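Here is what each chain is made of, one letter per residue.
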Amino acid sequence: MTEDDARAAAALRQWAATAPDAVLLDGFHALKHALRFGAPVRAAVTSDKAAALALAADLAGDLTDTLDRLLVEVPARTLRELVPRIHPTGVAALADRRDRTANLDAMSRLPRQAPVVVLDNPRNLGNVGAVVRLAAGFGAAGVVTTGDLDPWHPNAVRSGAGLHYATAVERLPLEELPPGPLYVLDPEGDDIRSVPLPDDALIAFGSERHGISPELRERATRLVALPMRPQVSSYNLATSVAMALFHWGGPAPL
């Protein structure tokens, strides 16, 4: 057995031991972001290490040496056995999930410098991941989901490009939401352009199909609405979150 074969075999054993409790980082970009934000990566494999390192040289020069040490090349057929759907970059990794207690502490600590996004019973994992990516980009304090979907599901992490590690992401019942005034997006609310959103706000969005639940609506500090042309029924969830966070951030400094 060659040294490369031995490394591949060791990586596969580590993968098998780690996989049941780990977060799947599916693709180069998910691994890149997870590493940048401190994810404890336990195993990382690729079907083409040279191509992965070339991609790193173009897009993540700060991580090239780290990825060179971390990535282990395995045959493409082996990678197909490890992940349900091979990412076009041919990279996959496993990492520990962010600590739940630390996430909850970060979102509950007052005063907060940025709002928490609340997704009320979302039904689409891709949308959840897209919202996490937006929250990370805007520097939101976190993303909370209610309902039965796991926001750390592999499909959500894939859609979020690994940026679950850049913000706090947790699932909570309504009665355990972080503290702060609750601004709920609702068509009957006040035009959001006339309502300043405070830094310690919870900004809540309804599910793609049913909107805000009556229980969350009753808890609202204020209902706010996004501007929308008549006869247009709704925006995509991630679009709505982006508009609200952009409004919260205010105009760029001169």
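See the structure above.
Caption draft 1: The overall build of the chain, seen in detail. When helices and strands are tallied, the chain shows 10 helices and 10 strands. Relative to the 2.2 N^0.38 estimate, which gives 18 Å for 254 residues, the radius of gyration of the chain is 20 Å and therefore close to what a compact globule would have. Dimensions of the chain, computed from C-alpha atoms along their principal axes, come out at roughly 70 × 40 × 40 Å. When contacts within the chain are restricted to residue pairs at least 6 apart in sequence, those whose partners lie at least 24 apart make up 80%.

Caption draft 2: Looking closely at the packing of helix α2 (residues 28-36) against helix α3 (residues 49-59). The N-to-C vectors of α2 and α3 enclose an angle of 55 degrees; their axes lie 11 Å apart at closest approach. Between α2 and α3, the angle falls in the class oblique. For the pair α2 and α3, the sense of crossing is right-handed. Together, F28, H29, K32 and R36 of α2 and A52, L55, A56 and L59 of α3 make up the contact between the two elements. Residue composition of the contact of α2 with α3, grouped by class: 5 nonpolar, 1 polar and 2 charged.

Caption draft 3: Examining unusual backbone geometry more closely. Following L110, the chain continues into P111 via a peptide bond in cis, with omega recorded as 0 degrees. Backbone geometry at A161 places phi at a positive 55 degrees, although glycine is not the residue there. Take A161: it is sitting in the loop between α8 (154-159) and β7 (168-171). Residue A161 is classed as buried on the basis of its relative accessible area of 6%. Phi is positive for Q231, close to 75 degrees, though the residue is something other than glycine. Checked against the element boundaries, Q231 lands in the loop between β10 (222-225) and α10 (237-249).

Caption draft 4: Focus on the pairing of strand β4 (residues 91-95). The buried count for β4 comes to 5 of 5 residues, which makes it a mostly enclosed element. The alternating pattern of β4 places V91, A93 and A95 and A92 and L94 on opposite faces, both of which are buried. Direction of pairing for strand β1 (residues 23-26) relative to β4: antiparallel, over a ladder of 4 bridges. The residue bridging L25 from the neighbouring strand is A93, located in β4. Looking at chain direction, strand β2 (residues 41-46) and β4 are connected through 5 bridges and run antiparallel. From the neighbouring strand, V45 faces β4, where its bridge partner is A92.

Caption draft 5: Local environment of the layout of surface pockets. What the largest pocket holds in volume is close to 580 Å³. Along the walls of the largest pocket sit 22 residues, with L185, P187, S234, Y235 and S240 positioned nearest its centre. Secondary structure elements with two or more residues in the lining of the largest pocket: β8 (182-191), β10 and α10. Broken down by element, the lining of the largest pocket gets its largest block of residues, 3 residues, from β8. Partitioned by chemical class, the residues of the lining of the largest pocket number 10 nonpolar, 8 polar and 4 charged.

Caption draft 6: Layout of the environment of R133. Looking at the element boundaries, R133 is found in helix α7 (residues 125-138). For R133, a relative accessible area of 44% gives the class partly exposed. Spatially, the C-alpha atom of R133 lies 8.0 Å from that of S159, the residues being 26 residues apart in sequence. Those residues in contact with R133 that lie beyond four places of it in its chain are S159, G160, A161 and L163.

Caption draft 7: The arrangement of the sheet that holds β2 in detail. Strand order in the open sheet made by the 4 strands is β1-β4-β2-β3, with mixed pairing throughout. Two strands bound the open sheet, and with one partner strand each, they are β1 and β3 (72-73). Against the sheet, α2 engages β1, β2 and β4, with an angle of about 120 degrees to β1.

Caption draft 8: Looking closely at α2. Of all 9 residues in α2, 7 are buried; the element is thus mostly enclosed. Among the residues of α2, F28, A30, L31, K32, H33, A34 and L35 are the ones counted as buried. Tucked into the core, α2 has its buried residues touching β1, β2, α3, α4 (64-70) and β4. Phi for G38, located one or two positions after α2, is positive at around 85 degrees.

Definitions and cut-offs
- Residues numbered from 1 in each chain as written.
- Predicted model: local features only at pLDDT ≥ 70, side-chain atom pairs only at ≥ 80, totals over all residues.
- Heavy atoms only, no water.
- Helix = DSSP H or I, 4+ residues; strand = E, 2+ residues; numbered from the N terminus.
- Rg over C-alpha atoms; globule rule 2.2 N^0.38 Å.
- Contact = heavy atoms within 4.5 Å.
- Axes fitted to C-alpha atoms, helices over the stretch in contact; angles between N-to-C directions.
- Parallel < 35°, antiparallel > 145°, perpendicular 65-115°, else oblique.
- Left-handed = near helix turned anticlockwise from the far one by under 90°.
- Nonpolar A, V, L, I, M, F, W, Y, C, P; charged D, E, K, R; others polar.
- Buried < 20%, exposed > 50% of the residue type's maximum accessible area, 1.4 Å probe, protein only.
- Pairing = 2+ DSSP bridges.
- 1 Å grid on protein atoms, 1.4 Å probe; cavity = no way out; pocket = protein on both sides within 12 Å on 5 of 7 lines; lining within 4 Å.
- Points joined across faces, edges and corners; volume = space filled by probe spheres on them.

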